[in-house]
There are 2 protein chains.
Amino acid sequence: MNGAQALIRTLVGAGVDVCFANPGTSEMHFVAALDDVPEMRGVLTLFEGVATGAADGYARMAGKPAATLLHLGPGLANGLANLHNARRGRAPVVNVVGDHARSHKRLDAPLESDLDALAGAVSGWLRRSLSPADVAADAADAVAESARRGIATLVLPADVSWEDGAEPAPPQPGRPAPQVAPSVVDDVAAVLRSGEPTVLFLGGDVVGSEAALLAAGQVAAGTGARLMAETFSARAVRGAGLPELTKLPYPPEMAIAALVGTRHLVLAGATSPVHFFGYPDVPGTPVPEDCTVHVLAAPGEDGVAAVRALAQVAAPDARAELLEASRPELPTGELTPRAMSAVVGALLPERAVVVDEVLTSGVGLAELTSGAPRHDWLSLTGGAIGDGLPMAVGAAVACPDRPVLALQADGSAMYTIQALWTMAREQLDVTVVVCDNGSYAILENELSRVGAAEDGKRAGELLHLGGPSLDFVALATGMGVPATRATTAEELAEQLRAALAAPGPHLVDAVLPGRR
Amino acid sequence: MNGAQALIRTLVGAGVDVCFANPGTSEMHFVAALDDVPEMRGVLTLFEGVATGAADGYARMAGKPAATLLHLGPGLANGLANLHNARRGRAPVVNVVGDHARSHKRLDAPLESDLDALAGAVSGWLRRSLSPADVAADAADAVAESARRGIATLVLPADVSWEDGAEPAPPQPGRPAPQVAPSVVDDVAAVLRSGEPTVLFLGGDVVGSEAALLAAGQVAAGTGARLMAETFSARAVRGAGLPELTKLPYPPEMAIAALVGTRHLVLAGATSPVHFFGYPDVPGTPVPEDCTVHVLAAPGEDGVAAVRALAQVAAPDARAELLEASRPELPTGELTPRAMSAVVGALLPERAVVVDEVLTSGVGLAELTSGAPRHDWLSLTGGAIGDGLPMAVGAAVACPDRPVLALQADGSAMYTIQALWTMAREQLDVTVVVCDNGSYAILENELSRVGAAEDGKRAGELLHLGGPSLDFVALATGMGVPATRATTAEELAEQLRAALAAPGPHLVDAVLPGRR
């Protein structure tokens, strides 16, 4: 068989059976080989940022990588921003990037670029397959390494793909996450027993595990430590029956206030927090100067086991305080961001996957959904906007039996709006709520911080999405997604309820005050 | 003044007075500074690929760079594909890429990435400004170097932008393109006098100059050499009154046939041709093995002067054969690709700028427009699809008094469809014709080449844009661009005529056979 066939069979054998694809000429043998390996599901996207963002969302929910199929350096480049988000969230992805045939590589053809530099900037593992005999083993390595290193990129020259002489390779055995030593657990337990103000700061695998969250709640109940979560998690499990878990706020002043007086910060699956950006005369991190940072489990270690062990050592008899089931009442009247959050809290279906790229419009959202039925929450981990709609595609492919709710800021939605078409084509059960405030509101806030917003008309125009206003209903229907527009809280509730009840994708354009 | 203000004043002083912008938090002081420097026109785009593609189109038509404003590594990443196209077309661009404040850089905040590797992969010049005192001189260098090196990227830390102590710097003197030595011209003239079959292969600045084309026609008339142009030029001037200039065809077999028997290939502004991709059992270049390649003027040298000098030496008394004014008749009936080309040829306005990302739908397009009134033709130089609509934005900003006609394949249009919004916001005089065949037709051709198209249903689905069909009328109106749909040749003619006559942007969805 040829290299492409062996590659796809190897991926499938290793459990990678979804490929988000934007193929070009150099990937045609890979595309042709899809007909020989029906176990591989090819999902077409209209832009590479959709493919990589979908792979990010898929990995977060499936717990294993999808493949992407990208077209040389420029195709990879289009997917880099969402690979950045996946890398920041430690989501495994296996990129297959087609390249020129080996004999063509030195000719500097128009699509030639420094592909290796582009791939290297975002990949934890990178290899170029140099012969059909190697490509299957290379693919097996890519899958295995993605579990530990996140983004694994395999560069596939066209002739390695089309030449015969390849055979599938067996999957590589997975390497379990490193365990935290009992002495580390004991040390942290001693800190917790000190009675000094302590925050147990959770992230990564810990916030994605009900067992770990219950154990963390037990620690908090038994020791008086406060629980706090990193601001943006790849996947957090939430809802009634779990301990209350406040996120570290995004704005620097609020983050600093949230940690004031903390003497010990214990990291479990999270890194020590830093502000998203530096600002004049603001320290780079919210951690107080006299606070000692302790690492219970670093990202990549088995944080779930570490927190459970900590609960046994530090608070064996304590019982976690758990959130009771509660929902806000459906609001009426003006459709404010908070009313939108209340509608979401009131209607969030059981086992929903919430994809959160809501940014400034998420007023009260965490609080108003905290008592909802159990759900997963996917955040923007790397700050590269435009991951929301693609992640919703990937989450829906990974979890066809679960409703996906994408809460999406308008400016960010436009980065990868093409994702709507893939939702329609694959008939994914995704409900998109566009928080349509007609501006890059987060940037308007930042502009006012730098003291330029008052009379700065030209500057302000660079942050405003009006003139013309975007019509998200037209955009969605233009890509085959049924869409409606809500201008009151009642309309949003009615339309969201209907969208969640019907199978397939829907979009609700929630027109917020900035827009009207 | 602060670094951002000095930077913008320096750019304006050096003639860079347009900035295609996708700012984020780290660029807020740059945005704020726009209010202090009204000479700088900020043009907001909704995606970085639109900003960089607009800068590409602007440079091709203005003959000088625009600036882009991009947000850290991920923002730059989103713009890389069209920077690749600009690099391949030798279009100058000055990227200003905001980065974290110097003190924040080492904290590995979520948006931290290997920005320098990303920038280095596409830039001919790259510098990181390290203090407010340096930033203006750095900007002046960037503008000067962009003339010679194409993409100049200035990385601007947020605190270098916001700190005081900066002053504008004077523009650097431009460096003229190197002149070709008279001995080189004499050597080429001797080749042309040999009487052996010779092709004068034109590209780069030569095809953008009426004087150079007339001189090349004189050479052809006087020596019997054939004229041929590179397949994809950054900017070619065309139309009645110029010599006929055939492009080297894209498909390898046709390119090989076009050069069969050629003993001498004389390069003027072009590089020696290679196929876009390698294929099994096809040589990488169409140049016959026994053909000698001579360089009259390499890209970056003054090819216009070299060709004019060659005409004086090799054919001083010859007169070029020139195309007479002619237009095809308006076609009737079925809207085939050829009918579309005839409509364009019949209606192309004087001094139009044609942006060509038509790909497979451009059947007969070159022939049917060759006798039209004088116009400029911008092609996809780097093969990274999604440059067409952004280039049209940039060309229209550069040439507000000229009509811009964007002939745009449907699949490629979706890569940077957000460009339509900027056309509407800036009320640019752009007419977009979408060649709506409902597929990645160029890839269907390639798939059939690899012998998989006959019964390969799953493979074929990855190249088909149906299920659901894209509704470009809805997409355009959703972004504020008036749009109509044409399903016959008569409708296309009527709608194109109306769109060209009215100011501001318009889109015509030309529904071609594959789609119906």
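For chain A, an unreviewed UniProt entry supplies the name Thiamine pyrophosphate protein domain protein TPP-binding protein and the organism Geodermatophilus obscurus. According to its UniProt record, chain A has this under Sequence similarities (unreviewed entry): "Belongs to the TPP enzyme family."

Engineer: Outline the overall build of chain A, listing residues and values.
Structural biologist: Scanning chain A from N- to C-terminus turns up 20 helices and 18 strands. At 24 Å, chain A has a C-alpha radius of gyration in line with the 24 Å of a compact globule built from 516 residues. Oriented by its inertia axes, the alpha-carbon framework of chain A measures out at about 65 × 60 × 45 Å. Per-residue burial over chain A gives 63% buried out of 516 residues. Residue pairs in contact within chain A that sit at least 24 positions apart in sequence constitute 80% of those at least 6 positions apart. Of the accessible surface of chain A, which amounts to about 17100 Å², a share of 51% is contributed by carbon and sulfur atoms. Distance between charge centroids for chain A: 2 Å, based on 36 positive and 59 negative side chains.

Engineer: So what's going on with the pairing of strand S5 (residues 125-128) of chain A? Residues and values would help.
Structural biologist: Residue and element names in this part refer to chain A. As paired elements, S5 and strand S6 (residues 151-157) share four bridges and run parallel to each other. In the strand pairing of S6, Arg-127 is matched with Leu-154. The β-α-β motif built from S5, the intervening helix H6 (residues 132-149) and the parallel element S6 has right-handed crossover chirality.

Engineer: Help me get a handle on the sheet that holds strand S8 (residues 226-229) of chain B, residues and values and all.
Structural biologist: Residue and element names in this part refer to chain B. Overall, parallel pairing links the five strands, which are arranged S10-S8-S7-S11-S12 in an open sheet. In the strand order of this sheet, the two ends are held by strand S10 (246-247) and strand S12 (292-297), each with one partner. Here S8 runs beside S10; their pairing, made up of two bridges, is parallel. Looking at S10, one finds that Met-228 is bridged to Thr-246. Taken strand by strand, helix H8 (residues 182-193) contacts strand S7 (198-202), strand S11 (264-268) and S12, and its axis lies near 140 degrees from that of S12. Helix H11 (residues 303-314) contacts S7, S11 and S12 of the sheet and is inclined by roughly 110 degrees relative to S12.

Engineer: Describe the sheet that holds strand S2 (residues 41-44) of chain A, and please don't skip the residues or the numbers.
Structural biologist: Residue and element names in this part refer to chain A. On the basis of which strands lie adjacent, the open sheet formed by six strands has the order S2-S1-S3-S4-S6-S5 and parallel pairing. Of all strands in the sheet, those bounded by a partner on one side alone are S2 and S5. Taken pair by pair, the neighbouring strands of this sheet meet at an average axis angle of 20 degrees, ignoring direction. Sheet topology places strand S1 (residues 18-21) next to S2; four bridges connect them, and they run parallel. The residue of S2 that forms the bridge with Phe-20 is Val-43.

Engineer: Account for the relation of the copies chain A and chain B, with residues named and values stated.
Structural biologist: Two copies of one chain are present, and they are related through a rotation about an axis combined with an axial shift. Of the transformation placing chain A onto chain B, the axial shift is 0.0 Å and the rotation is 180 degrees, giving an RMSD of 0.0 Å. A rotation of that kind, with that shift, is consistent with a two-fold axis. Of the residues that chain A buries at the interface, 100% are likewise interface residues in chain B, meaning the two copies contact each other through the same surface.

Engineer: So what about the domain arrangement of chain A? Which residues, and what values?
Structural biologist: Residue and element names in this part refer to chain A. When the domains of chain A are assigned, the result is domain 1 (3-162), domain 2 (182-314) and domain 3 (337-515). A C-alpha centroid distance of 29 Å is found between domain 2 and domain 3. Taken residue by residue, the interface counts 18 residues in domain 2 and 21 residues in domain 3. For the pairing of domain 2 and domain 3, the buried interface totals around 1600 Å² over both sides, and the portion due to carbon and sulfur atoms is 42%. At the surface where domain 2 touches domain 3, the tally comes to two salt bridges. Two residues, Arg-374 and Glu-210, come together in a salt bridge whose shortest N-O distance is 2.9 Å.

Engineer: Outline the interface of chain A and chain B, supporting the account with residue identities and numerical values.
Structural biologist: Contacts between the two partners involve 92 residues from chain A and, on the opposite side, 92 residues from chain B. For the pair chain A and chain B, the summed buried surface comes to about 7500 Å²; carbon and sulfur atoms form 66% of the total. Of the charged contacts in the structure, one is a salt bridge between Arg88(B) and Asp108(A), with a shortest N-O distance of 2.7 Å. Across the chain A-chain B interface, the total number found is 40 residue pairs in polar contact (both at pLDDT 80 or more). Elements that contribute at least two residues to the side of chain A that touches chain B include exactly helix H2 (28-33), S2, helix H4 (72-88), helix H5 (115-120), helix H16 (419-425), helix H17 (441-449), helix H18 (457-461) and helix H19 (472-478) of chain A. Per-element tally for the side of chain A that touches chain B: the top contributor is H4(A), with nine residues. The residue makeup of the side of chain A that touches chain B, split by class, is 51 nonpolar, 27 polar and 14 charged.

Engineer: Would you mind going over the packing of helix H3 (residues 48-62) of chain B against helix H4 (residues 72-88) of chain B in detail, with residue names and values included?
Structural biologist: Any two packed helices are characterised by how steeply their axes cross, that is the angle between the axes, and by the distance between the axes. Residue and element names in this part refer to chain B. Running from amino to carboxyl end, H3 crosses H4 at an angle of 30 degrees, the nearest separation of the two axes being 7 Å. Viewed along their axes, H3 and H4 adopt a mutual orientation that is roughly parallel. The two elements H3 and H4 cross, and the hand of that crossing is right-handed. Here Glu-48, Gly-49, Thr-52, Gly-53, Asp-56 and Arg-60 of H3 lie close against H4, whose contacting residues are Gly-75, Asn-78, Gly-79, Asn-82, Leu-83, Asn-85 and Ala-86. Here the residues of the contact of H3 with H4 are counted per class, giving two nonpolar, eight polar and three charged.

Engineer: Could you give me a rundown of the UniProt feature "domain: Thiamine pyrophosphate enzyme N-terminal TPP-binding" (unreviewed entry) in chain A, with the residues and numbers involved?
Structural biologist: Per the UniProt record, "domain: Thiamine pyrophosphate enzyme N-terminal TPP-binding" (unreviewed entry) is annotated on residues 1-106 of chain A. Segment residues 1-106 of chain A splits into 46% helix and 19% strand. End C-alpha atoms: 27 Å apart.

Engineer: Provide a residue-level description of helix H11 (residues 303-314) of chain A, including the pertinent values.
Structural biologist: Residue and element names in this part refer to chain A. With 12 residues, H11 extends 16 Å between its outermost C-alpha atoms, agreeing within 8% with the 16 Å of an ideal straight helix rising 1.5 Å per residue. Along H11, the residues that are buried comprise Gly-303, Val-304, Ala-306, Val-307, Leu-310, Ala-311 and Ala-314. Buried positions in H11, seen along its axis, are confined to an arc of 165 degrees and lie on one side of it. Where H11 is buried, its residues contact helix H8 (182-193), strand S7 (198-202), helix H9 (210-223), strand S11 (264-268) and strand S12 (292-297). Structurally, the start of H11 carries an N-cap: the backbone nitrogen of Val-304 is 3.3 Å from a side-chain oxygen of Asp-302.

Engineer: I'd love a proper account of the packing of aromatic side chains, names of residues and values included.
Structural biologist: Tallying each qualifying case throughout the model produces 13 aromatic pairs over all chains. Taking 6.1 Å as the distance between ring centres and 80 degrees as the angle between the ring planes, the aromatic pair formed by Phe232(A) and Tyr250(A) counts as edge-to-face. Placement of the pair is Phe232(A) in the loop between strand S8 (226-229) and strand S9 (236-238) and Tyr250(A) in the loop between strand S10 (246-247) and helix H10 (252-259), with a sequence separation of 18 residues. Aromatic pair Tyr415(A) and Phe47(B): ring centres 5.6 Å apart, planes at 85 degrees, arrangement edge-to-face.

Engineer: Could you give an account of the side chain of Thr431(B), naming the residues involved and the relevant values?
Structural biologist: All names here are of chain B. If you trace the backbone, Thr-431 turns up in strand S16 (residues 430-436). Judged by its relative accessible area of 1%, Thr-431 is buried. In this structure Thr-431 touches Val-404, Leu-405, Ala-406, Leu-496, Ala-499, Leu-500 and His-506, once residues within four positions along its chain are discounted.

Engineer: An account of the pattern of salt bridges is needed here, citing residue identities and associated values.
Structural biologist: Charged atoms that come close allow side chains of opposite charge to pair. The full count for this structure, using the stated rule, is 46 salt bridges over all chains. Between Asp509(A) and Arg485(A) there is a salt bridge, with the nearest N and O atoms lying 2.9 Å from each other. Here the residue Asp509(A) occupies a position in strand S18 (residues 506-511), and Arg485(A) occupies one in strand S17 (residues 483-486), the gap between them amounting to 24 residues. Of the charged contacts, one joins Arg235(B) and Asp376(B) as a salt bridge, the two residues approaching to 3.0 Å between their closest N and O atoms. Of this pair, Arg235(B) sits in the loop between S8 and strand S9 (236-238) while Asp376(B) is found in strand S14 (residues 375-379), placing the two residues 141 residues apart along the sequence. By relative accessible area, Arg235(B) is classed as partly exposed at 25%. Here the salt bridges share partners, and the residues they tie into one network are Asp99(A), Lys105(A), Glu112(A), Asp116(A) and Arg128(A).

Engineer: Give me unusual backbone geometry: which residues, what numbers.
Structural biologist: Residues and elements named next belong to chain A. Note the cis peptide between Gly-467 and Pro-468, where omega equals 5 degrees. Mapped onto the fold, Pro-468 is located in the loop between H18 and H19. Positioned with a positive phi, Leu-72 is a non-glycine residue whose angle comes to about 55 degrees. Inspection of the secondary structure assignment puts Leu-72 in helix H4. The class of Leu-72 is buried, set by a relative accessible area of 1%.

Engineer: Can you break down the confidence of the model for chain A residue by residue, with the values?
Structural biologist: Predicted coordinates in areas of low pLDDT are best not read in detail. When pLDDT is averaged along chain A, the result is 96; 99% of the residues meet or exceed 70. Of the two predicted TM-score estimates for the complex, the pTM is 0.98 and the ipTM is 0.97.

Rules behind the numbers
Residues numbered from 1 in each chain as written. Chains lettered and ligands numbered in written order. Predicted model: local features only at pLDDT ≥ 70, side-chain atom pairs only at ≥ 80, totals over all residues. Heavy atoms only, no water. UniProt positions renumbered as here; feature names shortened; annotations may be inferred. Helix = DSSP H or I, 4+ residues; strand = E, 2+ residues; numbered from the N terminus. Rg over C-alpha atoms; globule rule 2.2 N^0.38 Å. Buried < 20%, exposed > 50% of the residue type's maximum accessible area, 1.4 Å probe, protein only. Contact = heavy atoms within 4.5 Å. Areas by Shrake-Rupley, 256 points an atom, 1.4 Å probe, with all protein chains shown as cover. Lys, Arg positive; Asp, Glu negative; His and termini not counted. Charge placed at Lys NZ, Arg CZ, Asp CG, Glu CD. Pairing = 2+ DSSP bridges. Right-handed = clockwise from strand over helix to strand, strands pointing away. Axes fitted to C-alpha atoms, helices over the stretch in contact; angles between N-to-C directions. Least-squares fit on C-alpha atoms with pLDDT ≥ 70 in both. Domains from an automatic or database assignment. Buried area = accessible area lost by both parts, 1.4 Å probe. Salt bridge = Lys/Arg side-chain N within 4 Å of Asp/Glu carboxyl O. Polar contact = N/O pair within 3.5 Å; in protein donor to acceptor, adjacent residues only side chain to side chain. Nonpolar A, V, L, I, M, F, W, Y, C, P; charged D, E, K, R; others polar. Parallel < 35°, antiparallel > 145°, perpendicular 65-115°, else oblique. Left-handed = near helix turned anticlockwise from the far one by under 90°. Expected span 1.5 Å × (residues − 1). Arc of directions from axis to C-beta. Phe/Tyr/Trp six-rings, centres within 6.5 Å; stacked < 30°, edge-to-face > 60°. pLDDT = per-residue confidence, 0-100.

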